2 protein chains.
Amino acid sequence: MLFFTQCFGAVLDLIHLRFQHYKAKRVFSAAGQLVCVVNPTHSLKYAPTRCAAAQASTEQGTLPPCHHHEAVHDPQLVPCTCPLFSCPWEGHLEVVVSHLRQTHRINILQGAEIVFLATDMHLPAPTDWIIMHSCLGHQFLLVLRKQEKYEGHPQFFATMMLIGTPTQANNFTYRLELNRNQRRLKWEATPRSILECVDSVISDGDCLVLNTSLAQLFSDNGSLAIGIAITTSKVHSSEAEM
Amino acid sequence: MLFFTQCFGAVLDLIHLRFQHYKAKRVFSAAGQLVCVVNPTHSLKYAPTRCAAAQASTEQGTLPPCHHHEAVHDPQLVPCTCPLFSCPWEGHLEVVVSHLRQTHRINILQGAEIVFLATDMHLPAPTDWIIMHSCLGHQFLLVLRKQEKYEGHPQFFATMMLIGTPTQANNFTYRLELNRNQRRLKWEATPRSILECVDSVISDGDCLVLNTSLAQLFSDNGSLAIGIAITTSKVHSSEAEM
């Protein structure tokens, strides 16, 4: 009986995913573009000061350890810079991708241009939507976060991080694009390195920021489709070395 | 003596304007693009409910009267929809442009693509930067407003209004573009009609919205350069008739 219930659940999930996929294709109407449905990760309560010490260690090439923040008392410990900050894992850059895939079941997509379809935008803040994106020989992490910067006024913040060093990140440009209801919003910037703290990028507002009302205008039935494109930005490479 | 003091003041103003103009050219580096320096208009305190009655009269083709809101008691009077809402003027659409030019000294610029350079971004909210833009046979009003939607957290809101009816407005698309520090933000939408209320567009957040931190990233020495382009959107014209 349990087996049949599980099978029925799996079929329902497949139908739901198929429906979301169809919606994303309809929203973007860009035939051939890869659409990935991303379900939310309901985050633990954010610790506002956990980024402070992480900024100093961004060029060392190793990822600072992730700790349960309630347990961090030793000032020598570097706070977590991983978006899934409740994870106690620590390791080098080279194994971050396999850790995120295996432990956190974060999907990885191939291709220079993809569509990120975040579902259930109505869920209360804080909530994260995360996906990995593999292109141009590197892996990127897209983080969409719903957060209340001003109490009672949730906003959406979207940014792209390179799973690499800041120097490597300076060689790329990422573009996030929303397109619906005769409105279009495009954000282009240099990705940050995953060694920097995603929380500080978001608290600085140096990313695509959407108020709830604008997010609703761009949403279709509770799902937000974000077109993502990554290109190399060789013109900036000389500045990156400075 | 007074004459010489005034002459000296005028020369200083010219040098300042020349400097702002040079800065805008440097920011956009788009040779040949018309740059207009726009000084702020420090607004009176916003009356939050003044838009409520204006929405019903947007298709009548005449501009509702502008009144000092402290004096509005008669429920038959339509509240002001003019961005310079402290103005007591009332009139038909055809004479709005000459009123704005003559009474409020709002500049009007010609050309499909211009650069709007808003100075003194540090001034406290509420503050407006307003310019008229003439192209494709119509006049548009660009309003950049600094406002505290959440107390203590000023934000910048930019929108474009057609000095015409909503049906006419549906035939156009406007684009606002910020480009600095290896970041680019583009907003494209259908302009609203000046018969609609600019306050409600801003309070709905259906416009380009910038947090203070992002505005600072795009600013150069306290001035924000916004590239503006207007095109006809014939694909939308059938929807506009609905």
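Above: the structure in question.
Before going into details, it helps to say that this report is about the structure given with it. Note that the structure is a prediction, hence the values are computed from the model and not measured.

**A look at the pattern of salt bridges**
Part 1 of the argument: Enumeration according to the criterion identifies 16 salt bridges over all chains in this entry.
Part 2 of the argument: Note that B:R175 is salt-bridged to B:E177, the shortest N-O span being 3.8 Å.
Part 3 of the argument: In this structure B:E177 comes out as buried when scored by relative accessible area, which is 12%.
Part 4 of the argument: Notably, a salt bridge pairs B:R184 with B:E177, separated by 3.6 Å at the nearest N-O pair.
Part 5 of the argument: Assessed through its relative accessible area of 29%, B:R184 is described here as partly exposed.
Part 6 of the argument: One connected set of salt bridges, linked through shared partners, spans A:R183, B:R192, B:E196 and B:D206.

**Regarding the side chain of A:D199**
Residue and element names in this part refer to chain A.
Part 1 of the argument: Considering the arrangement of structural elements, one finds D199 in helix α4 (residues 198-204).
Part 2 of the argument: Overall, D199 belongs to the buried group, its relative accessible area being 11%.
Part 3 of the argument: A polar contact is formed between the side chain of D199 and the side chain of R145, at a distance of 2.6 Å.

**Concerning the environment of B:T173**
All names here are of chain B.
Part 1 of the argument: By the secondary structure assignment, T173 is in strand β10 (residues 172-180).
Part 2 of the argument: Looking at T173, the relative accessible area reads 13%, which means it is buried.
Part 3 of the argument: Taking C-alpha positions, T173 is 5.3 Å from T231, a pair spaced 58 residues apart along the chain.

**A short note on the interface of chain B and chain A**
Part 1 of the argument: Across the contact, 28 residues belong to chain B and 27 residues belong to chain A.
Part 2 of the argument: The junction of chain B with chain A conceals about 2300 Å² of combined surface from both sides, 46% of it contributed by carbon and sulfur atoms.
Part 3 of the argument: Inspection of the chain B/chain A interface yields 2 salt bridges.
Part 4 of the argument: A:D206 is the salt-bridge partner of B:R183, the closest N and O atoms lying 2.6 Å from each other.
Part 5 of the argument: Taken together, the connections running from chain B to chain A amount to 9 residue pairs in polar contact (both at pLDDT 80 or more).

**Some points on the packing of aromatic side chains**
Part 1 of the argument: Scanning the model with the defined rule gives 7 aromatic pairs over all chains in all.
Part 2 of the argument: Aromatic pair A:W187 and B:F218: ring centres 6.3 Å apart, planes at 90°, arrangement edge-to-face. One end of the pair, A:W187, is in strand β11 (residues 183-189); the other, B:F218, is in helix α5 (residues 212-218), on a second chain.
Part 3 of the argument: A:W187 sits in the buried class, given a relative accessible area of 0%.
Part 4 of the argument: With 5.3 Å between their ring centres and 85° between their planes, B:F140 and B:F172 make a pair best called edge-to-face. Of this pair, B:F140 sits in strand β8 (residues 138-150) while B:F172 sits in strand β10; the two residues are 32 residues apart in sequence, bridging distant segments of the chain.
Part 5 of the argument: For B:F140, a relative accessible area of 0% translates into the label buried.

**A look at helix α2 (residues 96-104) of chain B**
Part 1 of the argument: Residues of α2(B) that are buried include every one of B:V96, B:V97, B:H99 and B:L100, and no others. Each buried residue of α2(B) lies within a common arc of 165° when the element is viewed along its axis, so the set occupies one face.

**Thoughts on the relation of the copies chain B and chain A**
One copy of the chain maps onto the other through a rotation about an axis followed by a shift along the same axis.
Part 1 of the argument: For the pair chain B and chain A, the superposition axis carries a translation of 0.0 Å, the fit reaches an RMSD of 0.0 Å, and the rotation angle comes to 180°. The superposition operator between the copies reduces to a two-fold rotation axis. Taking the C-alpha atom as reference, chain B places B:K186 closest to the rotation axis, 2.5 Å from it.
Part 2 of the argument: In this assembly, 96% of the residues forming the interface of chain B have copies in chain A that are likewise at the interface, indicating an isologous arrangement.

Cut-offs and rules
- Residues numbered from 1 in each chain as written.
- Chains lettered and ligands numbered in written order.
- Predicted model: local features only at pLDDT ≥ 70, side-chain atom pairs only at ≥ 80, totals over all residues.
- Heavy atoms only, no water.
- Salt bridge = Lys/Arg side-chain N within 4 Å of Asp/Glu carboxyl O.
- Buried < 20%, exposed > 50% of the residue type's maximum accessible area, 1.4 Å probe, protein only.
- Helix = DSSP H or I, 4+ residues; strand = E, 2+ residues; numbered from the N terminus.
- Polar contact = N/O pair within 3.5 Å; in protein donor to acceptor, adjacent residues only side chain to side chain.
- Contact = heavy atoms within 4.5 Å.
- Buried area = accessible area lost by both parts, 1.4 Å probe.
- Phe/Tyr/Trp six-rings, centres within 6.5 Å; stacked < 30°, edge-to-face > 60°.
- Arc of directions from axis to C-beta.
- Least-squares fit on C-alpha atoms with pLDDT ≥ 70 in both.

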